[in-house]
Amino acid sequence: MRSTLDLSTAARIRDTAIDLFGEQGFGVGVRAIAAAAGVSPGLVNHHFGSKDGLRAACDERVLETIRDQKLRALRTTANGPTGMLNALAEIEMYAPLVAYMLRSFQAGGALAESLLEHMISDAEQYMQTGVAEGLLKPSRDPAARARYIVLCHVGAMNLALQLRQQREGKLDYRTAIRDLSDEMTMPALELYTHGMLTDSTVFDTLTEE
């Protein structure tokens, strides 16, 4: 069993790797991560086994943080406008996670696919929690709804940030996600709160048995 000190060191290495992977991409080496974390390369391998093992730990941390943030956002929204505004005010703190996700999806491959599928699975779970707590309307197909929403949000975010990165060069993720949030929050809230279609004809036709 790892000691408390070991766990603290592992967490520091993992969080440093999330930052560096987000800033520089997954080509950054174990030595650079170790140097930034103030440890030896051997200690990185001791805790994570390999660079892939470290990346898997980073994925797990990113997923955990997203899941916790989404549940908190649902519950603060239920507490009224003040709770929602407080959640939006903190959005810049998630910049390293956004950068990490963008790099992961740009890199592609099995680890990126695994990250996406875990995000979808987590989304289904926290949406079902929202339904159970009376915060969200139920869905006729919760898994399909979760997949659609994650693909739309992740796809839109990645496209917007990638185009901005191409335009500006080095991207300031804190500013970029704040700008994206300011631009998209109101239309998203309007769509999710009030809907868009004036009647259910198309839906009823497609769901006829």
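Basis of the calculations
- Residues numbered from 1 in each chain as written.
- Predicted model: local features only at pLDDT ≥ 70, side-chain atom pairs only at ≥ 80, totals over all residues.
- Heavy atoms only, no water.
- Helix = DSSP H or I, 4+ residues; strand = E, 2+ residues; numbered from the N terminus.
- Buried < 20%, exposed > 50% of the residue type's maximum accessible area, 1.4 Å probe, protein only.
- Contact = heavy atoms within 4.5 Å.
- Axes fitted to C-alpha atoms, helices over the stretch in contact; angles between N-to-C directions.
- Parallel < 35°, antiparallel > 145°, perpendicular 65-115°, else oblique.
- Nonpolar A, V, L, I, M, F, W, Y, C, P; charged D, E, K, R; others polar.
- pLDDT = per-residue confidence, 0-100.
- Salt bridge = Lys/Arg side-chain N within 4 Å of Asp/Glu carboxyl O.
- 1 Å grid on protein atoms, 1.4 Å probe; cavity = no way out; pocket = protein on both sides within 12 Å on 5 of 7 lines; lining within 4 Å.
- Points joined across faces, edges and corners; volume = space filled by probe spheres on them.
- Patch = residues over 30% accessible without salt bridge, like charges linked within 9 Å, V, L, I, M, F, W, Y side chains within 5 Å.
- Areas by Shrake-Rupley, 256 points an atom, 1.4 Å probe, with all protein chains shown as cover.
- Expected span 1.5 Å × (residues − 1).

**Some details on the overall build of the protein**
Line of reasoning, step 1. The secondary structure content of the protein amounts to 10 helices and 0 strands.
Line of reasoning, step 2. Tracing the protein from N to C terminus, the helices and strands come up as α-α-α-α-α-α-α-α-α-α.
Line of reasoning, step 3. Out of the 209 residues in the protein, the part that is buried amounts to 36%.
Line of reasoning, step 4. Intrachain contacts of the protein at a sequence separation of at least 6 include 67% that bridge at least 24 residues.

**Section: the side chain of Thr16**
Line of reasoning, step 1. Among the secondary structure elements, Thr16 is positioned in helix 1 (residues 4-24).
Line of reasoning, step 2. Leave out the neighbours within four places in its chain, and Thr16 touches Ile33, Ala36 and Ala37.

**With respect to the packing of helix 6 (residues 95-107) against helix 9 (residues 173-194)**
Line of reasoning, step 1. In the contact formed by helix 6 and helix 9, the axes pass within 9 Å of each other and the chain directions differ by 90 degrees. It follows from the interaxial angle that helix 6 and helix 9 lie roughly perpendicular. The residues of helix 9 that touch helix 6, namely those facing Ala95, Val98, Ala99 and Leu102, are Tyr173, Arg174 and Ile177.
Line of reasoning, step 2. Classifying every residue of the contact of helix 6 with helix 9 gives 6 nonpolar, no polar and 1 charged.

**With respect to the confidence of the model for the protein**
Line of reasoning, step 1. Mean pLDDT over the protein: 84, with 87% of residues reaching 70 or higher.
Line of reasoning, step 2. Mean pLDDT values for the elements of the protein range from 51 in helix 5 (residues 81-89) up to 94 in helix 2 (residues 30-37).
Line of reasoning, step 3. This model gives residues 1-5 a pLDDT under 50, and the stretch forms 4 contacts once residues within four places in sequence are excluded.

**So, the pattern of salt bridges**
Opposite charge on two side chains permits them to pair, given that their charged atoms come into close proximity.
Line of reasoning, step 1. Scanning the entire structure with this criterion turns up 7 salt bridges.
Line of reasoning, step 2. Each of Arg164, Glu168 and Asp179 takes part in salt bridges that share partners, so that together they form one network.

**Thoughts on the layout of surface pockets**
Line of reasoning, step 1. The calculated volume of the second largest pocket comes to roughly 210 Å³.
Line of reasoning, step 2. Looking at the second largest pocket, it is lined by 13 residues, and the ones nearest its centre are Gly22, Glu23, Ala99, Leu171 and Tyr173.
Line of reasoning, step 3. Elements supplying a minimum of two residues to the lining of the second largest pocket: helix 1, helix 6 and helix 9.
Line of reasoning, step 4. The leading source of residues in the lining of the second largest pocket is helix 6, at 4 residues.
Line of reasoning, step 5. Across the lining of the second largest pocket, the residue classes tally to 5 nonpolar, 2 polar and 6 charged.

**Thoughts on a nonpolar patch on the surface**
Line of reasoning, step 1. Judged by side-chain polarity, Leu191, Tyr192 and Met196 come together as a nonpolar surface patch covering roughly 360 Å² of accessible area.
Line of reasoning, step 2. Among the secondary structure elements, Tyr192 is positioned in helix 9.

**Topic: helix 8 (residues 142-168)**
Line of reasoning, step 1. Between its terminal C-alpha atoms helix 8 stretches 38 Å, which fits the 39 Å expected from 27 residues at 1.5 Å a residue.
Line of reasoning, step 2. Against helix 6, helix 7 (109-132) and helix 9 lie the buried residues of helix 8.
Line of reasoning, step 3. At the exit of helix 8 stands Gly169, carrying a positive phi of roughly 85 degrees.

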